[in-house]
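Structural characterization, general
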Amino acid sequence: MKITFCCSDTKPEPWLDGLSAALPDAQVSLWQPGAPPADYAVVWAPPQAFFDEQPQLRAIFNTGAGVDALMKLNLPAGVPVIRLDDAGMSVQMAEYVCHALIRHFREFDGYEADMALGQWSYRKPRDRAEFPVGILGLGVLGERVARAVAQFDFPVNGWSRSPKPLVGVKCFAGTDQLPAFLAASKVLVCLLPLTSETRDIMNHQNLSHLQAGGYVINVARGGNLVDDDLLALLDSGHLAGATLDVFRTEPLPPEHAFWQHPKICLTPHTSARTLRSESIGQIAQKMAALQRGESVAGVVDRGQGY
Ligand code: NAP
Ligand code: GLV
């Protein structure tokens with residue numbers, strides 16, 4: 001079996017070595033233009049030329065959870081696209097979201113600023129019942145985040161395409177229930193895939209439905225959020241702040257208004273990193289299963305785009 005590897009922004013050698021070690025019978029190589037056809041592709045944001053030159057692929061493995069970069073390409077028909085299915089990401093996402101939520105709720109950002117000025121001062125404790133957390137997307141990551149947030153006794157709402165019965169989470173589903181979900185939430189966490197249906201979903205109209213003093217945590221994709229609408233609602237005071245990990249253009253351009261905004265906390269697309277050894281283990285197991293003719297989890301519904 002031949003595996004071709006093509007991941008932008010990734011040092012290839014450890015992946016090539018790891019895949020070879022996990023699948024000793026496979027021939028693993030780094031893709032370059034003109035490379036011979038392979039059976040399996042392991043990719044992250046490859047160029048269109050990659051697929052144009054790989055006519056014999058049996059499956060495409062994405063080294064991340066989100067497949068939006070792949071869905072923009074002209075992919076070979078009928079070839080399954082398999083995304084990372086947790087592989088160590090959900091616990092990282094739970095840490096990140098709980099950290100951002102608690103930092104805001106407990107006003108640790110304010111305490112940091114006070115202490116930096118030598119000020120020993122107290123803020124009035126806030127009532128977590130007044131900080132219902134709404135999670136857009138209740139998939140592999142969203143569900144884990146919902147459970148983690150619920151552990152801290154915040155009221156939790158969740159929204160997905162299909163109804164989800166999750167204990168301890170008030171679940172909403174479908175476009176019709178989106179306004180009610182937003183109106184029931186003060187802190188909004190986005191864990192949706194970027195598709196034609198979810199692009200720009202955090203826009204002025206939808207963000208205005210959040211309870212006054214709302215807070216936005218975007219850990220999905222920059223394209224889920226309309227930047228100017230967020231800025232307008234922060235400046236009007238309807239929103240109290242935001243923690244943003246993902247951006248329409250990455251790296252975030254130096255002139256972007258987010259950099260200097262006092263109510264926005266930024267990180268460089270790092271909320272849930274691809275962990276190499278967990279990911280190689282998962283991909284290798286699935287390749288072996290496909291070779292045996294078995295089905296695997298994490299196959300993308302190309303019609304839905306995630
Ligand atoms: P997933 O398991 O596919 O879950 C996606 C969730 O979104 C599902 O609950 C799905 O509903 C819901 N959804 C999709 N389209 C919808 C729509 N039109 N209306 C309502 N709900 C919709 O994906 P995941 O593994 O949790 O990952 C989610 C996203 O996180 C990825 O696509 C990626 O963009 C992002 N991500 C970011 C980082 C980072 O470091 N910042 C890391 C990893 C992933 P159903 O359950 O009904 O299908
Ligand atoms: C990262 O953003 C991923 O989709 O895995």
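**Some details on the pattern of salt bridges**
- Tallied over the entire structure, the rule returns 9 salt bridges.
- Among the ionic pairs, Arg-221 bridges to Asp-68, the shortest N-O distance being 2.9 Å. Note that Arg-221 is positioned in the loop between strand S10 (214-218) and helix H9 (227-236) and Asp-68 in helix H3 (residues 68-71), a separation of 153 residues in sequence. The burial state of Arg-221 is the same as that of Asp-68; both residues are buried.
- Salt bridges sharing common partners tie together Glu-107, Asp-114, Arg-123 and Arg-126.

**What about the domain arrangement of the chain?**
- Parsing the chain into structural domains produces domain 1 (2-87 + 275-291) and domain 2 (90-266).
- A straight line from the C-alpha centre of domain 1 to that of domain 2 covers 32 Å.
- Taken residue by residue, the interface counts 7 residues in domain 1 and 5 residues in domain 2.
- For the pair domain 1 and domain 2, the two sides together bury roughly 550 Å², of which 46% comes from carbon and sulfur.
- Contact with domain 2 buries area across many residues of domain 1, yet Asp-68, Asp-86 and Leu-275 alone supply 69% of it, more than any other trio.
- Along the contact surface separating domain 1 from domain 2 lie 1 salt bridge.
- Linking domain 1 to domain 2 there are 2 residue pairs in polar contact (both at pLDDT 80 or more).

**Focus on helix H1 (residues 12-22)**
- All of the buried residues along H1 are Pro-12, Trp-15, Leu-16 and Leu-19. Along the axis of H1, the buried residues cluster in a sector spanning 100°; they form a single face. For H1, the exposed residues lying more than 90 degrees away from the buried face are Asp-17 and Ala-21.

**Thoughts on the packing of aromatic side chains**
- Summed over all chains, the structure comprises 8 aromatic pairs.
- Measuring from centroid to centroid gives 5.0 Å for Phe-50 and Phe-51, while their planes differ by 90°, and the two rings are edge-to-face. Here Phe-50 matches Phe-51 in class, with each residue buried.
- Aromatic pair Phe-105 and Phe-131: ring centres 5.1 Å apart, planes at 70°, arrangement edge-to-face.

**Describing the site of ligand 1**
- Near ligand 1 you find 30 residues, and of these Arg-83, Leu-141, Ser-162, Lys-164 and Tyr-306 are the closest.
- Within the backbone of Val-140, a nitrogen or oxygen atom sits 2.9 Å from an oxygen atom of ligand 1.
- In this structure, Lys-164 approaches ligand 1 through a side-chain N or O atom, which is 2.5 Å from an oxygen atom.
- Secondary-structure elements contributing two or more residues to the shell around ligand 1 are helix H4 (89-105), helix H6 (140-151) and strand S7 (156-160).
- At 3 residues, H6 tops the list of elements feeding residues into the shell around ligand 1.
- Grouping the constituent residues of the shell around ligand 1 by class yields 15 nonpolar, 9 polar and 6 charged.
- In this structure, the shell around ligand 1 is formed jointly by two domains, domain 1 (2-87 + 275-291) and domain 2 (90-266), each of which donates at least three residues.

Conventions used here
Residues numbered from 1 in each chain as written. Chains lettered and ligands numbered in written order. Predicted model: local features only at pLDDT ≥ 70, side-chain atom pairs only at ≥ 80, totals over all residues. Heavy atoms only, no water. Salt bridge = Lys/Arg side-chain N within 4 Å of Asp/Glu carboxyl O. Helix = DSSP H or I, 4+ residues; strand = E, 2+ residues; numbered from the N terminus. Buried < 20%, exposed > 50% of the residue type's maximum accessible area, 1.4 Å probe, protein only. Domains from an automatic or database assignment. Contact = heavy atoms within 4.5 Å. Buried area = accessible area lost by both parts, 1.4 Å probe. Polar contact = N/O pair within 3.5 Å; in protein donor to acceptor, adjacent residues only side chain to side chain. Arc of directions from axis to C-beta. Phe/Tyr/Trp six-rings, centres within 6.5 Å; stacked < 30°, edge-to-face > 60°. Near = heavy atom within 4 Å. Nonpolar A, V, L, I, M, F, W, Y, C, P; charged D, E, K, R; others polar.

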